[in-house]
Amino acid sequence: MVVDQARVVAVAGATGLVGQAVLAALSAADANDTGHPARQHGGSGPWAIQPASAVHVLHALGRRAPAIVHPRVFAHAVDFSAMPALPPIDDVYITLGTTMAAAGSQRAFRAVDYEAVMATARAARAAGASRCGVVTAMGAKASSPFFYNRVKGEVERDLEKLGFTTLVIAQPSLLLGERAALQQAPRTAESLSMKLFQWADPVIPAAYRARPAVDVARALVRAVQTRSAGIFRLQGRDLDPF
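Residues numbered from 1 in each chain as written. Predicted model: local features only at pLDDT ≥ 70, side-chain atom pairs only at ≥ 80, totals over all residues. Heavy atoms only, no water.

Novice: I keep staring at the overall build of the chain and nothing clicks. Help me out?
Specialist: Within the chain one finds seven helices and nine strands. Within the span of the chain, comprising 242 residues, buried residues form 49% of the whole. Here the analysis covers contacts within the chain between residues at least 6 apart in sequence; of these, 72% occur between residues at least 24 apart. For the chain, the accessible area works out to roughly 11,600 Å², and carbon and sulfur atoms hold 55% of it. (Helix = DSSP H or I, 4+ residues; strand = E, 2+ residues; numbered from the N terminus. Buried < 20%, exposed > 50% of the residue type's maximum accessible area, 1.4 Å probe, protein only. Contact = heavy atoms within 4.5 Å. Areas by Shrake-Rupley, 256 points an atom, 1.4 Å probe, with all protein chains shown as cover.)

Novice: Quick question: what am I supposed to make of the side chain of Asp113 here?
Specialist: Along the chain, Asp113 falls in helix H4 (residues 106–126). According to the relative accessible area criterion, Asp113 is buried, its value standing at 2%. Not counting the four nearest positions on each side in its chain, Asp113 is found in contact with Gly97, Thr98, Val151, Lys152 and Val155.

Novice: Mind showing me how you'd approach the nonpolar core here?
Specialist: A general feature of soluble globular proteins is that nonpolar side chains tend to end up buried together. Judged by nonpolar contacts, the single largest core of 33 residues is most densely connected at Phe80, Met83, Ile89, Val92 and Ile94. Counting only elements with at least two residues in this core, the list comes to strand S1 (8–12), strand S2 (54–60), strand S4 (91–94), H4, strand S5 (131–135), helix H5 (147–159) and strand S6 (166–170). A total of nine residues in this core trace back to one element, the largest contributor, which is H4. Those residues within four positions of Val92 in sequence are excluded, and the remaining contacts are Ala10, Thr120, Ala124, Ala129, Arg131, Cys132, Gly133 and Phe164. Of all hydrophobic cores here, the second largest spans 30 residues; its members include Ala25, Ile49, Leu220 and Val221. (Core = buried A, V, L, I, M, F, W, Y, C linked by side-chain atoms within 4.5 Å.)

Novice: What is the right way to read the confidence of the model for the chain from this model?
Specialist: Keep in mind that low pLDDT regions are not for reading the predicted coordinates in detail. On average, residues of the chain score 83 in pLDDT, and 76% of them are at 70 or above. Under a pLDDT of 50 for its full length, residues 179–184 has, in the predicted model, 14 contacts with residues more than four places off or in other chains. (pLDDT = per-residue confidence, 0-100.)

Novice: For this particular structure, what's the right way to read the sheet that holds strand S3 (residues 73–78)?
Specialist: For sheets, the rule is that strands pair by backbone hydrogen bonds, running either parallel or antiparallel. In spatial order, the strands read S3-S2-S1-S4-S5-S6-S9; together these seven strands make up an open sheet with parallel pairing. Both edges of this open sheet fall to S3 and strand S9 (230–234), since each of them pairs with a single strand only. The mean inter-strand angle of the sheet, taken between neighbouring strand axes irrespective of direction, is 15 degrees. As paired strands, S2 and S3 are joined by six bridges and run parallel to one another. Note that in S3 the partner of Leu58 across the bridge is His76. Along the sheet face, helix H7 (residues 213–226) touches S4, S5, S6 and S9 and points at about 160 degrees away from the line of S5. (Pairing = 2+ DSSP bridges. Axes fitted to C-alpha atoms, helices over the stretch in contact; angles between N-to-C directions.)

Novice: Looking at this model, I keep getting lost on the pattern of salt bridges. Mind explaining?
Specialist: Two side chains with opposite charge may pair up if their charged atoms get near one another. One pass over the structure, following the stated rule, counts nine salt bridges. Note that Arg157 and Asp158 form a salt bridge whose closest N and O atoms lie 2.8 Å from each other. The class of Asp158 is buried, set by a relative accessible area of 9%. Between Lys161 and Asp158 there is a salt bridge, with its nearest N and O atoms 3.5 Å apart. (Salt bridge = Lys/Arg side-chain N within 4 Å of Asp/Glu carboxyl O.)

See the structure below:
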């Protein structure tokens, strides 16, 4: 499938590990602007990541906006609990997420990982978006006895009901990346888990391996831009570099 290049995009969660890589991929200059081949921004031929004609970045009121300065990127401070109407868009990427430790309670966690995600998706659909890419987690299941997995599963279930022509759900295990560079607080338990996963990587099944956030982001963008109509889940080797 040949991708088109003239689509307008919204990104929510662009200051996180995956979100900032999604934003970087979408805002990369194309070959006509730079004289460099498409591989400079994530592949070539039918697998190339194509820059968007405009990227609307949504960030929470009172929170920092992405540091990127680009003529096609426009930042909007929004209240996700009272989501405003969005400008006309074609695609939406939602990489919002927190942790129980950072949120402080199940209610606060759900406000970000479910309510803000769904508010963004609904606003995007109302603004004309037909393609959606979202990051949940391995093990997401609406009937899970585990709160974290249950919330992620409920998001997946309810996103499927919104009528996106193409819905791509990335389900990574642990994400690898430098949070300090993004001014995010260190996650001690996550850091310890990453060290264990990296040590045991050769014997861990592909679906359970920790993956660089930038690989997850590129796989998500590539799938949203190239997959046909339907619902797709990216797991394991689907999230490998290309």
